[in-house]
Amino acid sequence: MTADRTLEDLLRDLAPQVLGALVRRYNDFDAAEDAVQEALLSAATQWPADGIPDNPRAWLISVGQRRLIDAIRAESARRNREAANAVRDPAWQQAAPDPAEAAIAALADAELPGLAGPPDCARPNAFGVGMGPGRADRPSGDAPNGNRPVRDGLGGASGAAGRDDTLTLLFLCCHPALTPASAIALTLRAVGGLTTEEIARAFLLPERTMAQRITRAKKRLAAEERPFAMPVAANGQRGEWNERLDNVLRVLYLIYTEGHTSGGDRLHRADLSTEAIRLARALFRALPDNPEVTGLLALLLLTDARRAARTGERGELIPLAEQDRSLWDREMIIEGVRLATASVRSGLIGQYQIQAAIAALHAQALRPEDTDWPRILLLYNALERQSPNPMVTLNRAVALAMVHGPQAGLDLTDTLQDSLAGNHRLAAVRGHLYEMAGDPEEAIAAYAAAARATTSLPERDYLTIRAARLRRAT
């Protein structure tokens, strides 16, 4: 890995931590985001020459705070100039001071974790960060008491502060007040570090549309009462994580799913799926003992391990049973199976644990005929009881057909005709089950219906070809 790549990765890991710290403290998402971008730019230009500070997170927070103060002072000066030009009454000029000045004072007096300078720092600034002579624009990275910090899994100084700031930002972006689409976009922008253009391209939307979606999400959060504060359970424990965690996991799952089953001319979008895995890893490092967090990471890894085998040379879809399993990523499978096993030690109590267990059984089958379908069916039965929804039932129908025959699966899909009306996946599964049952005419009709309904060109091509092969065979 090159030095430039290492610095880029470090800044990308630190960005959400710094943004989380500033947003949590000052409750201004837009201003904090602008300040963080300027701090990152300063780091990208200064660190290659000066070296990475001992505490890069503190360095970035300090620069970000200074940018916030500068912005408030500039806004205050602008309003004062406008007032001076519009009003010449001396009595008016002796009115109460500009509220911005109070905000500047509050910022200057604020203390954020990890910013206290060591005793031997020559010249501490308003933030408590030591400055050496001639270094007024380059904050020291020393940790409290001059100790070099131990880095935690999220790339910052160890301890609760380093973890909480990133998690606070992630949980904020997944606030229950936001729609799933807004939460996904804001998470990718603020926590993932993707540009608005990159997010828009991933979702096949105009950049302006995506920018408006992100802006609306920020405004929605600003309208909430104390959106950055989360309730603490009555017993004093940090119950806020459990209350918000389901929403965070769902957003990360949806980001991955969007990348894994993308519409348009590509079967998958690696930028989205890779980012979902990166964020899931960060969440796991912060909450390693949570079985659902562990299960989600395991599920994403085990699913993504098959990525190289899902498409052919021309981008065409290759179904699971026909994939070249030598192309599966064995390292990801080993890690995913280990995590899936760890997640179920306390029992199968969550949907992501169960889905990870199903994915592990698929990944451990060296050949399609080695797949343990009876156990997979039992797991789908448990998943349907835990999280009942039509798509789970559809997947259970496939497992049921593999264990008890295609007619059993078809009978179960009959119960989904209303809830999944017009859904191409229902028609595709029924086509597969009809083909298994030796009914080519019904299979052709189902495949054709699925091809018309899907928005994915690779899926459409696969379904059309499948129907054409059956026509030639009859």
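Draft legend 1. Region of the structure containing the environment of Asp 414. Note on placement: Asp 414 falls in helix α17 (residues 406-414). Separated by 17 residues in sequence, Asp 414 and Ala 397 have C-alpha atoms that sit 10.0 Å apart.

Draft legend 2. Structural context of the nonpolar core. Phe 29, Trp 47, Leu 60 and Leu 283 are the most contacted members of the largest nonpolar core, which has 83 residues in total. In terms of residue count, helix α1 (residues 3-26) provides more of this core than any other element does, 10 residues in total. Discounting chain neighbours no more than four positions away, the residues touching Phe 29 are Leu 19, Val 23, Leu 169, Leu 172, Cys 173, Leu 186, Ala 190 and Lys 218. Formed by 37 residues, the second largest nonpolar core is a distinct cluster that contains Leu 379, Leu 383, Ile 444 and Ala 467.

Draft legend 3. Just the environment of Ala 340, in detail. Tracing the sequence through the fold places Ala 340 in helix α13 (residues 330-343). In this view, Ala 340 contacts Ala 298, Ala 356 and Ala 360; residues no more than four positions away in its chain are not counted.

Draft legend 4. How the structure looks around helix α12 (residues 291-304). The end-to-end C-alpha separation of α12 is 20 Å, in line with the 20 Å expected for 14 residues at 1.5 Å each. Within α12, 13 of the 14 residues are buried, leaving the element largely enclosed by the surrounding structure. If you check the start of α12, you find a side-chain oxygen 3.0 Å away from the backbone N of Glu 292, and it comes from Asn 290.

Draft legend 5. Quick look at the packing of aromatic side chains. Throughout the structure, instances matching the rule amount to two aromatic pairs. Each ring, one from Trp 47 and one from Trp 59, has its centre 5.3 Å from the other, and the planes form 70°; the classification is edge-to-face. Of the two residues, Trp 47 sits in helix α2 (residues 29-50) while Trp 59 sits in helix α3 (residues 56-86), which places them 12 residues apart along the sequence. Under the relative-accessibility criterion, Trp 47 is labelled buried at 4%. Using a relative accessible area of 3% as the deciding quantity, one classes Trp 59 as buried. Here the aromatic rings of Tyr 253 and Tyr 352 are separated by 5.6 Å at their centres, their planes lie at 55°, and the arrangement is tilted. In this pair, Tyr 253 is assigned in helix α10 (residues 239-260) and Tyr 352 in helix α14 (residues 351-364), connecting sequence segments 99 residues apart.

Draft legend 6. Summary view of the environment of Leu 7. Tracing the backbone through its elements, the reader meets Leu 7 in helix α1. Measuring from C-alpha to C-alpha, the distance between Leu 7 and Ala 43 comes to 9.2 Å, with 36 residues separating the pair along the chain. In this view, Leu 7 contacts Ala 44, Trp 47, Pro 48 and Ile 52; residues no more than four positions away in its chain are not counted.

Draft legend 7. Inspection of α17 at higher detail. Within α17 the residues assigned to the buried category are Pro 406, Gly 409, Leu 410, Leu 412 and Thr 413. The arc that holds every buried residue of α17, seen down its axis, measures 160°, which confines them to one face. Tucked inside the fold, the buried residues of α17 contact α16 (390-404) and α18 (424-436).

Draft legend 8. Main features of the pattern of salt bridges. Evaluation of the coordinates by the stated rule reveals 14 salt bridges. Between Arg 367 and Glu 369 there is a salt bridge; the shortest N-O distance is 3.4 Å. Look at Glu 369 and you get exposed, because its relative accessible area is 55%. We note a salt bridge from Asp 372 to Arg 375, for which the minimum N-O separation is 3.9 Å. One connected set of salt bridges, linked through shared partners, spans Glu 322, Glu 435 and Arg 466.

Draft legend 9. Here's a closer look at the packing of α12 against α13. Axis separation between α12 and α13 bottoms out at 8 Å; the angle between their running directions is 155°. Our classification of the angle between α12 and α13 gives roughly antiparallel. Relative to α13, α12 is oriented so that their crossing is left-handed. In contact with Pro 291, Thr 294, Gly 295, Leu 297, Ala 298, Leu 301, Leu 302 and Asp 304 of α12, α13 contributes Met 332, Ile 333, Glu 335, Gly 336, Val 337, Leu 339, Ala 340 and Ser 343. Its residues assigned to classes, the contact of α12 with α13 shows 10 nonpolar, four polar and two charged.

Draft legend 10. The arrangement of the state of the cysteines in detail. Scanning all chains against the criterion turns up zero disulfides. Free of any disulfide, Cys 173 has its nearest neighbouring cysteine sulfur in Cys 174, separated by 6.5 Å. According to the relative accessible area criterion, Cys 173 is buried, its value standing at 0%.

The rules behind these values
- Residues numbered from 1 in each chain as written.
- Predicted model: local features only at pLDDT ≥ 70, side-chain atom pairs only at ≥ 80, totals over all residues.
- Heavy atoms only, no water.
- Helix = DSSP H or I, 4+ residues; strand = E, 2+ residues; numbered from the N terminus.
- Core = buried A, V, L, I, M, F, W, Y, C linked by side-chain atoms within 4.5 Å.
- Buried < 20%, exposed > 50% of the residue type's maximum accessible area, 1.4 Å probe, protein only.
- Contact = heavy atoms within 4.5 Å.
- Expected span 1.5 Å × (residues − 1).
- Polar contact = N/O pair within 3.5 Å; in protein donor to acceptor, adjacent residues only side chain to side chain.
- Phe/Tyr/Trp six-rings, centres within 6.5 Å; stacked < 30°, edge-to-face > 60°.
- Arc of directions from axis to C-beta.
- Salt bridge = Lys/Arg side-chain N within 4 Å of Asp/Glu carboxyl O.
- Axes fitted to C-alpha atoms, helices over the stretch in contact; angles between N-to-C directions.
- Parallel < 35°, antiparallel > 145°, perpendicular 65-115°, else oblique.
- Left-handed = near helix turned anticlockwise from the far one by under 90°.
- Nonpolar A, V, L, I, M, F, W, Y, C, P; charged D, E, K, R; others polar.
- Disulfide = S-S within 2.5 Å.

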